[in-house]
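Spelled out from the first residue to the last, the chains are:
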Amino acid sequence: QVQLVESGGGLVQAGDSLRLSCTASGRTGSSYPMAWFRQAPGKGRDLVAAINWRGSRTHYSGSVQGRFTISRDNAKSTVYLQMNSLKPEDTAVYYCALSPGRMGTLIATHEYDYWGQGTQVTVSS
């Protein structure tokens, strides 16, 4: 089993920044892509950003490209999401996801086996 613990969400104003963290533990295997997804009320869970095991390749949704940065520290088993220039439409529950033993940059929800509990990000106008 794998456990993912997220932190860093909160209530901010438009234009502010936040950094989310997600730390993995358990049987992650020797390599594992990770990603951040988000889900707004009444909507589906959408990809925000994904990163491969080495951190050499990333993928962003068009709505966050240029504002958000995904990174990882494999020594700490942690993935980060730096969110700058936040907008009210970024308001959602943010989830990190992990797929043990796979390669590449995975962008679909069904490609991930483990999910965190979610952290709320609220951006006021």
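Structure report, in brief.

What counts and what doesn't
Residues numbered from 1 in each chain as written. Predicted model: local features only at pLDDT ≥ 70, side-chain atom pairs only at ≥ 80, totals over all residues. Heavy atoms only, no water. Helix = DSSP H or I, 4+ residues; strand = E, 2+ residues; numbered from the N terminus. Rg over C-alpha atoms; globule rule 2.2 N^0.38 Å. Buried < 20%, exposed > 50% of the residue type's maximum accessible area, 1.4 Å probe, protein only. Contact = heavy atoms within 4.5 Å. Areas by Shrake-Rupley, 256 points an atom, 1.4 Å probe, with all protein chains shown as cover. Lys, Arg positive; Asp, Glu negative; His and termini not counted. Charge placed at Lys NZ, Arg CZ, Asp CG, Glu CD. Core = buried A, V, L, I, M, F, W, Y, C linked by side-chain atoms within 4.5 Å. Pairing = 2+ DSSP bridges. Axes fitted to C-alpha atoms, helices over the stretch in contact; angles between N-to-C directions. Phe/Tyr/Trp six-rings, centres within 6.5 Å; stacked < 30°, edge-to-face > 60°. Lys NZ or Arg CZ within 6 Å of the ring centre and 35° of its normal.

Each helix and strand in the chain was counted, giving zero helices and eleven strands. The C-alpha atoms of the chain give a radius of gyration of 13 Å, which matches the 14 Å a tight globule of 125 residues would have. In terms of its C-alpha atoms, the chain occupies a principal-axis envelope of roughly 45 × 25 × 25 Å. Of all 125 residues assigned to the chain, the portion counted as buried reaches 43%. Residue pairs at least 24 apart in sequence account for 60% of intrachain contacts in the chain once pairs closer than 6 positions are excluded. Summed over its atoms, the accessible surface of the chain is roughly 6200 Å², and 45% of this surface lies on carbon and sulfur atoms. Separation between the mean location of the 12 positive side-chain charges and that of the 8 negative ones in the chain comes to 6 Å.

One finds Trp36, Leu81, Met83 and Tyr94 to be the most contacted residues of the largest nonpolar core, which totals 27 residues. At the level of secondary structure, the elements contributing two or more residues to this core comprise strand 1 (2-7), strand 3 (18-26), strand 4 (34-39), strand 5 (45-51), strand 7 (68-73), strand 8 (78-83), strand 9 (92-98) and strand 11 (119-124). Those residues in contact with Tyr94, other than ones at most four positions away along the chain, are Glu6, Leu20, Trp36, Phe37, Arg38, Val48, Phe68, Leu81, Met83, Gly118, Thr119 and Val121. Ala35, Phe37, Leu47 and Ala50 belong to the second-largest nonpolar core, a separate cluster that totals seven residues.

We now examine the sheet that holds strand 8. Within a beta sheet, neighbouring strands are joined by backbone hydrogen bonds and run either parallel or antiparallel to one another. Spatially, 1-3-8-7 is the arrangement adopted by the four strands of the open sheet, whose pairing is antiparallel. With one partner strand each, in any of the chains shown, strand 1 and strand 7 form the two edges of the open sheet. Each strand of the sheet is rotated relative to its neighbour by a mean of 15°, with strand direction disregarded. In the sheet, strand 3 pairs with strand 8 via six bridges, with the strands oriented antiparallel. Bridge pairing in strand 8 links Leu20 to Leu81.

This part takes up the side chain of Ser31. In this structure, Ser31 sits in the loop between strand 3 and strand 4. Under the relative-accessibility criterion, Ser31 is labelled buried at 10%. Once residues lying within four places of it in the same chain are set aside, the contact partners of Ser31 are Trp53, Ser99, Pro100, Gly101, Arg102 and Met103.

Here the structure, examined in full by the defined rule, presents four aromatic pairs. An angle of 55° between the planes, with centres 5.0 Å apart, marks the rings of Tyr32 and Trp53 as tilted. With Tyr32 in the loop between strand 3 and strand 4 and Trp53 in the loop between strand 5 and strand 6 (58-60), this pair connects stretches of sequence that are 21 residues apart. With relative accessibility at 3%, the residue Tyr32 sits in the buried group. Considering the side-chain rings of Tyr112 and Trp115, the 6.3 Å spacing of their centres and the 70° angle between planes classify their relative orientation as edge-to-face. A relative accessible area of 4% places Tyr112 in the buried class. Accessibility expressed as a relative area gives 27% for Trp115, which makes it partly exposed. Cluster of aromatic residues (ring-pair linked, three or more members): Phe37, Tyr112 and Trp115. Here the basic side chain of Arg45 rests over the ring of Tyr95, its NZ or CZ set 3.7 Å away from the ring centre. Of note, Arg45 hangs over the ring of Trp115, and the distance from its end group to the ring centre comes to 4.9 Å.

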